[in-house]
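If you want the building blocks of each chain, they are given just below.
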Amino acid sequence: METPNSLLTILLVVVVTLLTEEAPAVAGLDRGTATFYGGGDASGTMGGSCGYGNLYSTGYGKYTAALSTVLYNGGLSCGQCYRLTCDYQSSPRWCRQGASVTITATNYGGWCNPPRAHFDMSQPAWETIGIYQGGIIPVLYQRVACVRQGGVRFTIKGFNYYELVLITNVAGSGSVKSAWVKGTNTNRVPMSRNWGANWQSLAGIAGQALTFGVTSSGGQTIIFQNVVPQNWQFGTSFISNRQFSY
């Protein structure tokens, strides 16, 4: 027969276990945190370590975020999309219940400790799911497919034998895994990631029409045949008529 003291001990063990147990995972979702920056019009989010520059003209708009170290992955995540909801059960005071928002990764947010999955979101995106006064909120997030208007874009900067090509407006997986370039008079030349979404070539390809082969992080490869005409100039952007689906 159990004594009152032994019953009390069992009850205490159960309570302590419940309080110290981690919150259960939600199927298909990961847990993180989110803050905001950039002002109410998101003008302070322009630029960023992915190299997209003016996020309005490059098609990414106001709903963007800087990723913490573990999510940014050295720039491999530039252009990827995430759907976030505020974890209402953990923070009912500062969460907008039932609301969600999809953002694009356009920057690196060094505010966070490397192990932490954190999104430093544009203020308009953050306020879709959180109450302004909360400042920082717990979130549930998952990576989702990106939806873009029009085709993939190529912006060429630098100079001959050092071409820096910014690849933007990528749908599907949103990010680029690898790329190569071929001029009308040259063979295929593999490109390397210089920084963010900028890809580098050391080939002498000025004065030639250019074809790019791009493989998304989802594994889809598209060849953009002669997407850049022969008379191209450095500092110019070119829009293709093809787009990724994954």
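Above this text sits the structure in question.
Calculation notes
- Numbers given for residues are sequential positions, taken from 1 along each chain in its written order.
- The model is predicted, so local features are restricted to residues of pLDDT at least 70 and side-chain atom pairs to those at 80 or more, both for listing and for counting; the totals for chains, interfaces and linings are taken over all residues.
- Processing note: side-chain calculations cover all non-hydrogen atoms of the structure and skip hydrogens and water entirely.
- A 1.4 Å probe that fits into a set of points on a 1 Å grid over the protein atoms alone but cannot get out defines a cavity; an open set with protein on both sides within 12 Å along at least five of seven lines defines a pocket, and lining residues are those with an atom within 4 Å of a point.
- Grid points are joined across faces, edges and corners, and a volume is the space filled by probe spheres set on the points.
- Residue polarity is assigned by list, with Asp, Glu, Lys and Arg as charged and Ala, Val, Leu, Ile, Met, Phe, Trp, Tyr, Cys and Pro as nonpolar; anything else, Gly included, falls into the polar class.
- By nonpolar core we mean a set of buried residues, namely Ala, Val, Leu, Ile, Met, Phe, Trp, Tyr and Cys, connected to one another through side-chain atoms within 4.5 Å.
- Partly exposed residues are those whose accessible area sits between 20% and 50% of the maximum for their type, while under 20% is buried and over 50% is exposed, using a 1.4 Å probe and protein chains only.
- What counts as a helix is a DSSP run of H or I of at least four residues, what counts as a strand is a run of E of at least two, and both are numbered from the N terminus.
- Contacts: residue pairs with any heavy atoms within 4.5 Å of one another.
- Only the six-membered ring of Trp is used, alongside the rings of Phe and Tyr, when aromatic pairs are assigned; centres must lie within 6.5 Å, and planes under 30 degrees apart are stacked while those over 60 apart are edge-to-face, with the rest tilted.

Colleague: Whenever I open this one, empty space enclosed by the protein confuses me. Can you help?
Modeller: Sizing a probe to match a water molecule and rolling it over the atoms shows the empty space that remains. Overall, the coordinates contain 1 cavity of 30 Å³ or more when judged by the stated rule. What the largest cavity holds in volume is close to 60 Å³. Forming the walls of the largest cavity are Tyr 52, Cys 78, Ile 167, Val 170, Gly 174, Ser 175, Val 176, Arg 193, Ala 197 and Trp 199. Each residue belonging to the lining of the largest cavity can be placed in one class, and the counts come to 7 nonpolar, 2 polar and 1 charged.

Colleague: Got a minute to help me understand the nonpolar core in this structure?
Modeller: General note: in soluble globular proteins, nonpolar side chains tend to be found buried as a group. Counting 29 residues, the largest nonpolar core has Tyr 52, Leu 84, Ile 103, Phe 119, Met 121 and Ile 129 as its most contacted members. Broken down by secondary-structure element, the contributors of at least two residues to this core are strand E2 (64-67), helix H2 (69-72), strand E3 (81-86), strand E4 (100-108), strand E5 (118-122), helix H3 (123-129) and strand E6 (137-144). Each residue touching Phe 119, except ones within four places of it in the same chain, is listed here: Thr 33, Ala 34, Thr 35, Ala 65, Ala 66, Leu 67, Leu 71, Tyr 82, Leu 84, Ile 103, Val 139 and Tyr 141. Of all hydrophobic cores here, the second largest spans 23 residues; its members include Val 152, Phe 154, Ile 222 and Phe 238.

Colleague: Whenever I open this one, the packing of aromatic side chains confuses me. Can you help?
Modeller: Per the counting criterion, the structure on display carries 12 aromatic pairs. Seen in terms of ring centroids, Tyr 52 and Tyr 60 are 4.4 Å apart; in terms of plane orientation they differ by 35°. Their pairing is tilted. The class for Tyr 52 is buried, based on a relative accessible area of 3%. According to the relative accessible area criterion, Tyr 60 is buried, its value standing at 6%. Ring centres 4.9 Å apart and planes at 75° place the aromatic pair Trp 232 and Phe 234 in the edge-to-face group. For Trp 232, a relative accessible area of 6% corresponds to the buried category. Relative accessible area serves as the criterion here: at 32%, Phe 234 is assigned to the partly exposed category. A connected cluster of aromatic rings, assembled from ring pairs, spans Phe 154, Phe 212, Phe 224 and Phe 244.

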